[in-house]
Structures are given as structure tokens and as C-alpha cells.
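Observations on the model geometry
Now for the letters of each chain:
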2 protein chains.
Amino acid sequence: MASITTNHPISGNTLISFRPKNPFLQTQTLFNFKPSNSKHSNSSFSIPIVRCSIRRRPEYTPNHIPDPNYVRIFDTTLRDGEQSPGATMTTEEKLDVARQLAKLGVDIIEAGFPASSEADLEAVKLIAKEVGNGVYEEGYVPVICGLARCNKRDIDKAWEAVKYAKKPRIHTFIATSEIHMNYKLKMSRDEVVEKARSMVAYARSIGCEDVEFSPEDAGRSDPEFLYHILGEVIKAGATTLNIPDTVGYTVPEEFGQLIAKIKANTPGVEDVIISTHCQNDLGLSTANTLAGACAGARQLEVTINGIGERAGNASLEEVVMALKCRGEQVLGGLYTGINTQHILMSSKMVEEYSGLHVQPHKAIVGANAFAHESGIHQDGMLKHKDTYEIISPEDIGLNRANESGIVLGKLSGRHALHAKMLELGYEIEGRELDDLFWRFKSVAEKKKKITDDDLIALMSDEIFQPQFVWQLQNVQVTCGSLGLSTATVKLIDADGQEHISCSVGTGPVDAAYKAVDLIVKVPVTLLEYSMNAVTQGIDAIASTRVLIRGENGHTSTHALTGETVHRTFSGTGADMDIVMSSVRAYVGALNKMMSFRKLLAKNNKPEGSAVI
Amino acid sequence: MASITTNHPISGNTLISFRPKNPFLQTQTLFNFKPSNSKHSNSSFSIPIVRCSIRRRPEYTPNHIPDPNYVRIFDTTLRDGEQSPGATMTTEEKLDVARQLAKLGVDIIEAGFPASSEADLEAVKLIAKEVGNGVYEEGYVPVICGLARCNKRDIDKAWEAVKYAKKPRIHTFIATSEIHMNYKLKMSRDEVVEKARSMVAYARSIGCEDVEFSPEDAGRSDPEFLYHILGEVIKAGATTLNIPDTVGYTVPEEFGQLIAKIKANTPGVEDVIISTHCQNDLGLSTANTLAGACAGARQLEVTINGIGERAGNASLEEVVMALKCRGEQVLGGLYTGINTQHILMSSKMVEEYSGLHVQPHKAIVGANAFAHESGIHQDGMLKHKDTYEIISPEDIGLNRANESGIVLGKLSGRHALHAKMLELGYEIEGRELDDLFWRFKSVAEKKKKITDDDLIALMSDEIFQPQFVWQLQNVQVTCGSLGLSTATVKLIDADGQEHISCSVGTGPVDAAYKAVDLIVKVPVTLLEYSMNAVTQGIDAIASTRVLIRGENGHTSTHALTGETVHRTFSGTGADMDIVMSSVRAYVGALNKMMSFRKLLAKNNKPEGSAVI
């Protein structure tokens, strides 16, 4: 499996040559930026220069940070992000994301909501065991956190999963706004306080020394009641108090004041860390998060690409880069331990696994974020990028220096491919290399110029296929407006046996998918289908993504509403033929769904069983 | 052509039954929200209720607003947005967007940068003539604005275009930060002041009574110099001073202070309107814009979907909805004249025309923005949507009430289709109806259930095709991993003559596009290719989008950098067969490019001629 050589998580802006050994390269064709060889300007005129201060990450103690300017980054991509529609990830994908978050240097990884399903519990447990015990430089180990509602069963499940980490944390929550208490919980204020207090105490009593408590919908809660309940949970042993703007309702000044008032009025608050969790319903989550930090919050809850339910959460990349660019000047000297050079790769990985596309004009990580315009550059512009760029692309891991390296052609051999992939950051050997070489040759025969992006697309397609249940061998299609679309498909099963089937359909994809269904015989619904060309030109490789839901559905429990939600599975495929890439993606999604089932069968437990 | 019945532009939240007569319906399958019949809650417990105050839009005077709480919305989708990579729109598309902006009730429409190319000049002129003379209720007429650099030629071109509007405005700008003055302008401070002063005076002298001035890169300019130059242009006759955070560098408090200081220190500032223009490089544009308004700005420059160069601009929908939701409570009672019920349709139109996709978790207009989760709703959730929703979907025009109306099947006739389309908001007759009916029948024969979204996709495909140069008749394709991909294409030219060609390729799309090229014989580069399924299920209609650039390129001049940029052209196609939809999109893009040329040929002028 591909691996990555990681820089020190808080190496800041020391530009060590960055060589990802991971299928998500830091560059993509979408990024039009062509770097000159010069580093971001150190020019003599007095404009603010974007620099990350290189400081040591302070020692971790749950309820205390020795450096008052250090801000912890709490990433909830795997919990809040993963529960957004269609974003289901497999255990392997979650583990990949968690490893990447550790490379980024995230202080706390919220790995899931273990009580929601057995699959979630297993994933959090695996992450706690592997990533929560990683050996990183300077003693950095990410905290692994599991979410739990305020009940014993949820807390037991969370502890069962996170206890394997060196630094385990339980995050428990209960709603404190009138509307939520009245209509969701149907509990009185006193009952809510008692529930919160007793469950925080319970989490401490079973051995967890790092307990976070969130008053859900804090942004719309009565402030006096908030101070009271927060004071009670501090007494019960909470070490972090997270203040969520659950409905994304507040404006920055207001949210900052809420944090400041909580710090001023909550008994015992000096012994805990205050945290923010801002939803983005009005597009203000990044600003609200920064306002919270300026008002004294020292943990910021964010997700990669800002994914999450509805309009999502504050983006890790926006919050971190704002602190990096403006921390010294206008944000009170605050800083984080994030190694921003891993941002772009993290963004690509989460986009791929969650299927939640990033719009081209997304701040920091969008395809256009560093593309000033598509036309002819003038000399002056290249020499003084600072005229329009406040962040150096290299700072987030956008570095195309490799583009001029080894050039492959159709006569290139296995050795040259191996060397090129190493140059791109991929260490592949054995069967993986054989498979890639075979596909490389078939593309090289048809396409004049093979770009780095082509190789990366093929690589992702090979590496990110889940464990094979079915393997696609051949497809043949006839279609168009003059006849009946007909497809023939040959698949190979886990035992190496060939299966051939054909079908007619409304179009080539419909026909081919029906032919696959005749072989695989697992009823599914196709929810989404999308395709993009990887590079320019009509002979580009097409990358297809599909999202399916099994009719005998996998379900899990929604953290906030307690509702049962259906799991969905995505698959991707890359090929020069759009029909081939479509079928690859479909077979990939079917394999993903079937390996998900296998895991459950292995554990011999029902999934999505009711929670209290 | 389809038209729309518009509500009163400032009708606020009066829920008149909303029937768009426009191919961009207000609903899409992507929006999972299923409305109950109840209106947004008026429940008795004391949570803040989102309501737009219904007020009259004040009379328009360039440099004065009678109501101190009224904030003007200045939309620059057609200027700043349209210059972002790949977002080129044809004149007809720009006119459509301008009409839509008038329906939204935008106070000022920045229609383009007339000096950049003849095509831009023509588009601004057309918008000034038609939309700038629209007869709207209560006397509302949008101001039509044209951008010009600080030189006589630019200002003349801008005036030549906007003077036909009832309320014309010229917007001129020059950079005032040290880095821009030194490296881009190569001018001293005094020279910059003199240029600005004299050009504002010139714009007034040729008859324009509404002149806006922007000090580019104000966010990084020396404040004292800013007060000085702004004071000088006020004396010279500027009526609006726009303060751009050109590199998206400021944080909200800082930007608010900048506006407050300009209001406090600029001589004569009481006689002009202060405006904001915030880029989104750190994800803070909406918050910065609101901070500017709270500090005294009474014009906010925004774009639909937040499009624009790099990370784009502040989003109209986020800024307007934040003011609508929180204006009374926490934003000083500020309000706008925007009819928010047109937001979603505007968003869809700009997404389609610009090709800049909106991510699913985009605030307000993203596909997931109102989808709480994909699972099973509990009664309590539906009854009390306020638990997680702060904005009523109907407020932005998301209303699926029509879904349960007329149901079409394969036996439905032309009359039923006409009635259904009327129900969906489309008034089509004659050949348009004939064409749609023919395509409807071919889909109905293959697909069990024809949804509203299917009809809308077909409708968009028919209506938004540019003037025909080439029309696609038939495609036949053979492809797959076992043989050579081969495509045969039949096109019909403007004179009704048939052309047939065939080609082999690396895949079905490559083969078909090569066959089209053999007939059309215009060398182009394919820049982007993407596809999405319109609805769920494998028999869904696929919608394809391509972006091409002609090799004998159309160019225009970039407003800020003065560089020459190549124009690109997008095309879309919808069909149940992905190869068919791909070819439709390609032929559409070629037609768009060729009709763009025709316009220029008609005007008999060179395009993209050098500007001073």
C-alpha cells in the first residue's frame, strides 16, 4: 500500500522538498497555477508578509494549555462531516483520513459516533488503535475522540472504541435551547442539567480523563442557563466545554460575545478549555470561529473542506490559514500546530472519499483559488505575485516542481514508470505496479502526452478500489440515437471465475449497469452519477463517481436527531472510455457495499440496532 | 421565449404563489427538502423568528439614501463574476442574468467592462437599453453600471454603453496600495491622485451624474493616503466610494474599522455613499461585508453564488439572508430591497451560464443547505423545523408544491405537456413546444416515471441552446474494451443540409467529437468536460457540460491586470444516452462560439483591441 513520508507536523514554513507517498498528490490539473521558481516574496517594500511562526506544540493536558496563544484544532470530518448526505466512508477510508489528519498535525480527531452503528464503533476502535498510538516526532500523538449522547449506553460504546488510544476523549452533548428541550428532548431544565452532570461524571468514572461537553444549540440558549449547566459539568469533571452554533445563526460579534460571557460568568471556567463549533448556514462559520478564538476559545472544531450537514462547518483550511496569515497582526498572536503543507492533499482525499465536491471558487482549496486568470501573464505579475496573492501556493502543498521531471512515453518500461511514480510520491511495487503498468500502456498507446494527472488518476483508481469481490474484465457497447443501446459485460468473481452477461438499456450506461446487475444480483438504487475529465483535450481520461444505496439497506443512528439514516456507498473509476469508467465506478461501489457487509458478518452483530 | 411573472421586487415575505415562467425552475432534485404544508413556524415560545420587514425601497439619488437603515445591493456577477476562468457568457445569457437581477430587485447592476472588448460593450449597451429601462412597480429601475479604468478611452466606452439606461453609472478605479502603485502602475502617489481626480471629473463632464470610484487594494493601502485621495475624488464629483479588499486579506473587525475610519476622516464623506467589495480568499467575505455595513457602508458589492476570480466575492444570497434573518436583532436594523424568493432561481441560472458549480454544502443555495439528513424523518422534526432550520426554504424560492400536480405518462399528448409545463412555470408554444414534445415522447418510451426535473432538464437543453449554426440529428457509436471506439454523426447546417461523418477515437466521446470536428472544421481545444445525472436511477437523464476555446481565440482585456485573456465557451446537453448528451453539449458550445463570432462580424469591428 502506498505510504507517505511526513514532515514534522509543526515544521511550519520550512520548505523541505515535499514528496507525498500517497495517491492523493498535492497537485491537480484543476489548479492552473504555474509556479515560478522563486519562493513567496521577501521583497523590501512594507507589505504584510505571510509567515507561520515556527513554535513547538505545547504538551497536551486535557484541561490546560501552557502557552496562552496556542489554539487546538479539533477535526470532526469523520463525525460531523461523514454524517452529511452521501458522505459515508468505509472503515479503510476513515483510517486513511485519520492518518492524513495526523500528518496535518490536528490536535484532536473526532473519529465517529460509536453508538450509531457497529461499523462506526469498529472504525473508531481501529483509528484509536493505529492512529491514536502513532509514533510522531516531538511526542505529538493526536487525541482520538468519540461522540456520545448523554446516556450510559452511548458513553460505554464511545469508551469501548476510544480507550485504545494513548489520549482518548469522550465528547458528550445535550441540547440546552428551549426549542430543543421542549420538542426534541421533552425534558425540563433541571432534568437536562442532571442528565449532563451525571453523564459527564459517569464518563470520568469509567476511566476517561478527557471529557468534552457540548450544550447543543448554545447559540439560541438562555445565557444564564448556559452558565449554570456549564458550571455543573465542570464540577462533574468536564475538561473541555464546546459551544456550538448548531443552526449557524450567529454573527461574529455576537458569537465572540457569547464566548466572552461564558468565560466571564461560568463558575470554574478557568480550569477548562473553551471550544467553538460553528455551522455555516449564513456563510459566517469561519468568521464566527475566529471571533470565538479572539474571545478566548482555545479549541476550534472544524472539518476539511467545511463539509457537514446542511451548509457544513467552519473549514479547517480557512480557519488555519487565516490564523497563519493574520494571527500575528490582527488575531492576538494566536497560532496552531497545523502543518499547512498537507492541506491540499487532505482536501483532495476528503473530496474523493466523501463525494462532496469543492466548488472552484472555494477559499484556499478551490481549483481557482490560486488561478489569477486564464490568460497571458505579464512579467510584472509573475515577479510580484504579492499583487494578488496573499498565500504562497507552496504553503498549502501546491507545488508543481515535479512536472518537469521524468517524461513517460509509450515505449517507457516498468522501471521508468516505477521511477516516475516515486518522483510523484508513490511507492508501489509488485502486483500494484504490474496492474498500473498494464493500464499505463493501454493509455500510452492512445494518448500523445501522458501527464502527471493522468498517472495520478489511474493510480487512484487502482489503489482506492475496495477489496475485490467482483473485478471488471471487459465491456462492449453499441449505442446512439439510431438503435437500441446494448452492452456486454465480463466480470471475474473472487474465485477467479468468469461471468458474462448482456443487456439492452436506455443508453450505454443503463445497458452496462443492467448487465452488471444480472451477474452480481444485489438490488441497489443509483443515487448519483457524475463524471469529470481529468485533463484537457478530447482524449482525456474520464473520472466517474457513482453513489448507490442497497435495497436491504445499511442503517445507522443520527447523532443529533436520533433518527435512522440509510448508508450509501460511492465508487470511482477512471478510463479514457466514459462507458468503461462508468462501469468501473459502479463495480467499485458494489464492491464497497459488499465489503461493508462482510465486516459486519465477520463481527456477527446486527448493524444499526436501536439506541436509547 | 419563456418569461416569468414577477412578484413585487420588495414584496418581502408575502407568500404569493410563485410561478416562474423561466427555464430555471426554483426546484431541483438535488434539494432533498420535502416541505410540509405548514408555513415557517409562528410558534409561541420565544425563539427569534426570521422575518423580512416589508418596507418601501427609498427613492434613488446617486449620493444619498433617505432611510439611514436601507442598504443598496450592487451586483457584479456580470463583471467580476464573468471574468473568472471559464465563466464567459454570451450577450443573450448576460441579458437573461440582468433581467433576473432586476427581478431580484438589485439596486445596481454592474453589467460589464465595456473597454475590454466590443462584445462586452455591446452586452452592456443592450442591458442598459432593455433592463435599464424596464417598467417595474413602485418606480424601481435598476441602475446600470459600467466599469472603466482611470483613462478617457475606458470612460468613453463605459458611457457609450450605459448612457441608454434611465439611471446610468460609471465605476472607475485605480490602485492605491504601495505594491500596486510601484509594480503595476509605476506611478507616484501624486500622479495617482491626479489621475483619479481628473478622470472622475471627466466622467461627470461628459454627462454622467452617478460616478463610483474605487481605490483598488484599499485593504492594504496607507489609510492617510486613502482619506486624501477619497477626499479629492469627492471634490471632483464622485457619488459613491467603493472600498475593495482586493486580495481578501482583512478580518471583519479590521475591515469594519477601515470603513469607520474612512467615514470619520475623509473630507466631504457625508455627501457620498460608502460601499464594500470583499474578496473571499480567507473565507471571510460575507462577514467582512456585514462588518462594513455595520460600520456605515450603505452599498454592498456582491455576486450570485459568490463567483469571481480566485476564491470569489461575497455572495449576494449570504449577505442578503444574513441581513434578512438578523438585521433587526443584531445588525443595526439594516435591510435591503431584495425579493429573496428569486434567490434560488438566480443561483441556478448563474451556475448554468457560468459553469461554476455550487458545492453541495454552500450556504443558502447548496443542494444540501436545506436537507437535514437523508433518512427517515420523525414527526417531531417535521412539525418543528425550527429545531434545525433558521430560514424557511420558501423564502429563497424553494417550493415543491407543484410536484403533486399533473402526472405525465407515455400516452400523454401535446396538450397535457403544455399544461404541465405551464404548471412548472414555462410558457412555451409553437416550435419550442413541438421540439420538446418530440423529446418528451422519446424519453417517455424508455423511462417509467417522468419527473419534473426530467422535464426541466429537457426544457433547459432546448431553450438554452444558442442560435443554431449546426444541429445534431443522429449519433451511432460502438465502444468498449474489446474493440476500436467508432462513432458516426449526422449534423444539419443552417441551410438544412445534412452532413455525415465517422471517426475512430480512444473512447466513444473522443470518436464522436472527432466526427463532429470533421464536419464543422473549426479548431478548438476542449478544456473541461463534466456530467451529472439529473435524477436518481440508472435510467436517469444525463446532463453534460463542456468548455472549449477556439484556437483562433476570442480575447478580452482583464480589468485589473490589463492582461489579455482568452474567452472560453460552454455548452450543455441533456439526454438519456451519455454519448448523445456529450455530443449535444459539444455542438452547443461550438454554436455558442460561432454565434459570438457572428455578432462581431456584424459589427465589423476587431475584438479585444488594445486599450490604453
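Quick caveat: nothing in here was measured; it's all calculated off a predicted structure.

This brings us to the layout of surface pockets. In this structure, the second largest pocket occupies an estimated 1,100 Å³ of space. Along the wall of the second largest pocket there are 41 residues; nearest its centre are V251(A), P252(A), E253(A), E254(A) and G256(A). Elements represented by at least two residues in the lining of the second largest pocket include exactly α8 (252-265) and α9 (285-294) of chain A together with α8 (252-265), α9 (285-294) and α10 (316-330) of chain B. Broken down by element, the residue count for the lining of the second largest pocket peaks at seven residues, all from α8(A). Considered class by class, the residues forming the lining of the second largest pocket number 23 nonpolar, nine polar and nine charged.

Here we come to the pattern of salt bridges. Residue and element names in this part refer to chain B. Under the defined criterion, the tally for this structure stands at 58 salt bridges over all chains. The closest approach of N and O atoms between K362 and E317, which form a salt bridge, is 2.9 Å. Taken together, the positions of K362 in the loop between α11 (343-354) and α12 (379-383) and E317 in helix α10 put the pair 45 residues apart, joining distant regions of the chain. The same class applies to K362 as to E317, namely buried.

With that settled, the discussion passes to empty space enclosed by the protein. Taken as a whole, the largest cavity holds about 300 Å³ of empty space. Forming the boundary of the largest cavity are 29 residues, of which N280(A), E318(A), N280(B), E318(B) and Q359(B) lie nearest the centre. Where the lining of the largest cavity is concerned, the elements lending two or more residues are α9 of chain A together with α9 of chain B. Among the residues forming the lining of the largest cavity, the class breakdown is five nonpolar, 20 polar and four charged.

All names here are of chain B. At a minimum axis distance of 10 Å, the contact between helix α2 (residues 91-104) and α11 shows a crossing angle of 165°. Here α2 lies roughly antiparallel to α11, going by the angle between them. The handedness of the crossing between α2 and α11 is left-handed. Listed contacts from α11 to E93, D96, V97, Q100 and L104 of α2 are I343, M345, S346, M349, V350 and Y353. Looking at side-chain class alone, the contact of α2 with α11 contains seven nonpolar, two polar and two charged residues.

All names here are of chain B. Tracing the backbone through its elements, the reader meets A297 in the loop between α9 and β8 (299-302). Note: C-alpha distance between A297 and L526 (229 residues apart in sequence) is 43 Å. With residues near it in sequence (within four places) discarded, A297 still touches I259, I274, S275, T276 and G292.

Okay, the sheet that holds β8(B) next. Residues and elements named next belong to chain B. With parallel pairing, the eight strands of this closed barrel are ordered in space as β1-β2-β3-β4-β5-β6-β7-β8. Pairs of neighbouring strands in the sheet enclose a mean axial angle of 25°, with direction left out of account. Note: strand β7 (residues 273-278) against β8, three bridges, orientation parallel. Residue S275 lies in a different strand from β8, and its bridge partner there is Q299. Here helix α4 (residues 152-162) sits on the sheet in contact with β3 (143-149) and β4 (168-175), set at roughly 165° to β3. Its contacts with the sheet place α9 against β6 (240-245), β7 and β8, and it is angled at close to 170° to β7.

Moving on: helix α7 (residues 223-236) of chain A. All names here are of chain A. Over its 14 residues, α7 extends 20 Å from the first C-alpha to the last, a length consistent with the 20 Å expected when each residue adds 1.5 Å. The element α7 is largely enclosed, with a buried count of 10 among its 14 residues. Those residues of α7 not exposed but buried are F225, L226, Y227, I229, L230, G231, E232, V233, I234 and A236. Summarising the contacts, the buried residues of α7 are in contact with α5 (178-185), α6 (189-205), β5 (211-216), β6 (240-245) and α8. Among the residues of α7, the N-terminal cap falls to D222, whose side-chain oxygen and the backbone nitrogen of E224 are separated by 3.2 Å.

Counting residues in each nonpolar core, the largest one holds 206 residues, and the members touching the most others are F213(A) and F213(B). Counting 74 residues, the second-largest nonpolar core is a separate cluster that includes W470(A), A515(A), M593(A) and V475(B).

Each value, and the rule that gives it
Residues numbered from 1 in each chain as written. Chains lettered and ligands numbered in written order. Predicted model: local features only at pLDDT ≥ 70, side-chain atom pairs only at ≥ 80, totals over all residues. Heavy atoms only, no water. 1 Å grid on protein atoms, 1.4 Å probe; cavity = no way out; pocket = protein on both sides within 12 Å on 5 of 7 lines; lining within 4 Å. Points joined across faces, edges and corners; volume = space filled by probe spheres on them. Helix = DSSP H or I, 4+ residues; strand = E, 2+ residues; numbered from the N terminus. Nonpolar A, V, L, I, M, F, W, Y, C, P; charged D, E, K, R; others polar. Salt bridge = Lys/Arg side-chain N within 4 Å of Asp/Glu carboxyl O. Buried < 20%, exposed > 50% of the residue type's maximum accessible area, 1.4 Å probe, protein only. Axes fitted to C-alpha atoms, helices over the stretch in contact; angles between N-to-C directions. Parallel < 35°, antiparallel > 145°, perpendicular 65-115°, else oblique. Left-handed = near helix turned anticlockwise from the far one by under 90°. Contact = heavy atoms within 4.5 Å. Pairing = 2+ DSSP bridges. Expected span 1.5 Å × (residues − 1). Polar contact = N/O pair within 3.5 Å; in protein donor to acceptor, adjacent residues only side chain to side chain. Core = buried A, V, L, I, M, F, W, Y, C linked by side-chain atoms within 4.5 Å.

The analysis is restricted to geometry; functional conclusions fall outside its scope.
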